[in-house]
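# Structural overview
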Amino acid sequence: MSILVFDSGIGGLSVLRELRVLMPERRIIYAVDDAAFPYGDWGEAALIARMDNLLADLIERHKPDLVVIACNTASTLILPVLRSRHEIPFVGTVPAIKPAAGRTFTGQISVLATPGTVKRDYTRNLIGEFATKVNVRLIGATRLAAMAEAYMLRQPVDEAIIREEIAPCFLDQYGARTDVVVLACTHYPFLVNVFRRLAPWPVDWLDPAEAIARRAMYLAGDAQEITEETIEDIAIFTSGTPAAPMRRLLAGFGLKC
Ligand code: DGL
């Protein structure tokens, strides 16, 4: 019983770590389309075509029982296409607007995402369906996904840029301040401690990873058999074998390249 977890980069590891905790008996294949990273800047038609081919190939090759698209930029676009093409279940990662609307006290929430996710009809529809009584601000950050990757690899990141990217999340109007910020890109939870430190005031940074893992566990059903036999969890990169620091980072998540 295996699970294919897919992202444009290593942000999907924020979802993978929750899957691992809830489903230690499953084998995980983590696929990264780093050759096309970042997805946030891609046009919709080109991204659908690319992912459609890529996922067909990965599913054919690895025969997973379930696929988790650990990327908001992709999920808000491609889920209906993938579900119409394949019989296995897909779990997407989409902006946690509904839980944010339920959690805010001030009625001001922000969604920190990629430019792609902010533009999607899917995202607008979530607001129309679940957040009509609150004020939702959408912020498409152009540099944060790449900065999260650099930060995870212990490369220097410019905090002034991070401050600039998160600044529009903080709104103070009619006596009400933003109190919930949705982390609507799977890369961002890895920067959340920096966000906390640079934020002008404390907010609830909402990371949906655990909820996604719970949904995946529900859809995966009972494991058919748990064996002692070890089948390694692996990571696959579309651009080939990554450099040593990346391989070591992935080893820390139990993945072999
Ligand atoms: N991790 C992806 C997401 O959740 C975005 C990164 C990218 O722009 O490729 O949206």
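Shown above is the structure to which this text applies.
A brief structural summary. (Residues numbered from 1 in each chain as written. Predicted model: local features only at pLDDT ≥ 70, side-chain atom pairs only at ≥ 80, totals over all residues. Heavy atoms only, no water.)

### Some details on the packing of helix H1 (residues 13–22) against helix H10 (residues 209–220)
Basically, it comes down to this: Axis definition: a line fitted to C-alpha atoms, over the contacting stretch in the case of helices. Angles run 0 to 180 degrees between N-to-C directions. Secondary structure counts use DSSP, requiring at least four H or I residues in a row for a helix and at least two E residues in a row for a strand, with both numbered from the N terminus. In what follows, roughly perpendicular refers to angles from 65 to 115 degrees, roughly parallel to angles under 35, roughly antiparallel to angles over 145, and oblique to any angle outside these ranges. Note on convention: near helix rotated counterclockwise from far helix by under a right angle means a left-handed crossing. Clockwise means right-handed. Here, two residues are considered to be in contact whenever any of their heavy atoms come within 4.5 Å of each other. Under the scheme applied here, ten amino acids are nonpolar (Ala, Val, Leu, Ile, Met, Phe, Trp, Tyr, Cys and Pro), four are charged (Asp, Glu, Lys and Arg), and all others, including Gly, are polar.
Packing of H1 against H10 leaves a shortest axis separation of 8 Å and a crossing angle of 50 degrees. Between H1 and H10, the angle is such that the two are oblique. Crossing geometry of H1 relative to H10 is assigned as right-handed. Within the contact between the two elements, H1 uses Ser14, Val15, Glu18, Leu19 and Leu22 and H10 uses Ala209, Glu210, Ile212, Ala213, Arg214, Ala216 and Met217. Broken down by class, the residue content of the contact of H1 with H10 amounts to eight nonpolar, one polar and three charged.

### What about the site of the ligand?
What counts is decided by this rule: Any residue with a heavy atom positioned within 4 Å of a molecule or strand is treated as near that molecule or strand. Think of a polar contact as two N or O atoms within 3.5 Å of one another; within protein, one of them needs to be a possible hydrogen donor and the other a possible acceptor, and neighboring residues in sequence only count if both atoms come from side chains.
Surrounding the ligand, one finds 14 residues, the nearest of these being Ser8, Tyr39, Thr73, Thr186 and His187. Here Tyr39 contributes a backbone N or O atom positioned 2.6 Å from an oxygen atom of the ligand. A distance of 2.5 Å separates an oxygen atom of the ligand from a polar side-chain atom of Thr73. Of the residues that constitute the shell around the ligand, the class distribution is six nonpolar, seven polar and one charged.

### A word on the environment of Leu153
As for its placement among the helices and strands, Leu153 is situated in the loop between helix H7 (144–152) and helix H8 (159–166). Separated by 36 residues in the primary sequence, Leu153 and Pro189 place their C-alpha atoms 15 Å from one another. Once residues lying within four places of it in the same chain are set aside, the contact partners of Leu153 are Pro245, Met246 and Leu249.

### Observations regarding the pairing of strand E9 (residues 180–183)
For clarity, the cut-off: A simple rule labels every residue: compare its accessible area, found with a 1.4 Å probe on the protein chains alone, to the largest value its type can have, and call it buried under 20%, exposed over 50%, or partly exposed in between. Strands qualify as paired when DSSP identifies two bridges or more between them. A right-handed crossover is one whose linking path, passing over the helix from the first strand to the second, runs clockwise when the strands point away from the viewer.
Covered by surrounding structure in E9 are Val180 and Val182 together with Val181 and Leu183, the residues of both alternating faces. In this sheet, E9 lies alongside strand E5 (residues 108–113) in parallel orientation, the contact comprising four bridges. Within the sheet, the bridge partner assigned to Val111 lies in E9 and is Val182. Two strands pair when backbone bridges link them, and E9 and strand E10 (residues 204–206) are joined in this way by three bridges, in the parallel orientation. Its bridge partner lying in E10, Val181 is registered against Trp205. As for the winding sense of the linkage, the β-α-β connection from E9 through helix H9 (residues 192–198) to E10 is right-handed.

### Considering the nonpolar core
In summary, soluble globular proteins display a tendency toward joint burial of nonpolar side chains. Quick reminder of the rule: By convention a nonpolar core is built from buried Ala, Val, Leu, Ile, Met, Phe, Trp, Tyr and Cys residues, the set being connected through side-chain atoms within 4.5 Å.
Grouped together as the largest cluster of nonpolar side chains are 28 residues, with contacts concentrated most on Val5, Leu13, Leu19, Tyr30 and Val68. Among the elements of the structure, strand E1 (2–7), H1, strand E2 (27–32), strand E3 (66–69), H10, strand E11 (234–237) and helix H11 (244–252) are those that each provide at least two residues to this core. With five residues, H10 is the largest single contributor of residues to this core. Ignoring sequence-local partners within four residues, the contact set of Val5 consists of Gly12, Leu19, Ile28, Ile29, Tyr30, Ala31, Val68 and Ala70. By size, the runner-up hydrophobic cluster in this structure holds 24 residues, among which are Ala141, Leu144, Ala145 and Cys169.

### Description of the side chain of Glu165
With respect to the helices, strands and loops of the structure, Glu165 is situated in helix H8. Once residues within four sequence positions are removed from consideration, Glu165 is found in contact with Leu112, Ile139, Ala141, Thr142, Arg143 and Leu144.

### A look at the packing of aromatic side chains
Convention followed: For this analysis, a ring pair means two rings from Phe, Tyr or Trp (six-membered ring only for Trp) whose centres lie within 6.5 Å, classed as stacked if their planes differ by under 30 degrees, edge-to-face if by over 60, and tilted for the remaining angles.
According to the stated counting rule, one finds seven aromatic pairs in the structure shown. Here Phe6 and Tyr39 contribute two aromatic rings whose centre-to-centre distance is 6.4 Å and whose plane-to-plane angle is 35 degrees, an arrangement assigned as tilted. Pair noted here: Phe6 is in strand E1 and Tyr39 is in the loop between E2 and helix H2 (44–62), with a separation of 33 residues, a long-range link. Summarising the burial analysis for this pair, Phe6 and Tyr39 share the class buried. Aromatic pair Phe170 and Trp205: ring centres 6.0 Å apart, planes at 70 degrees, arrangement edge-to-face. Of the two residues, Phe170 sits in the loop between H8 and strand E7 (172–173) while Trp205 sits in strand E10, which places them 35 residues apart along the sequence. Counting every residue linked through ring pairs, the aromatic cluster contains Phe170, Tyr188, Phe195, Trp201 and Trp205.

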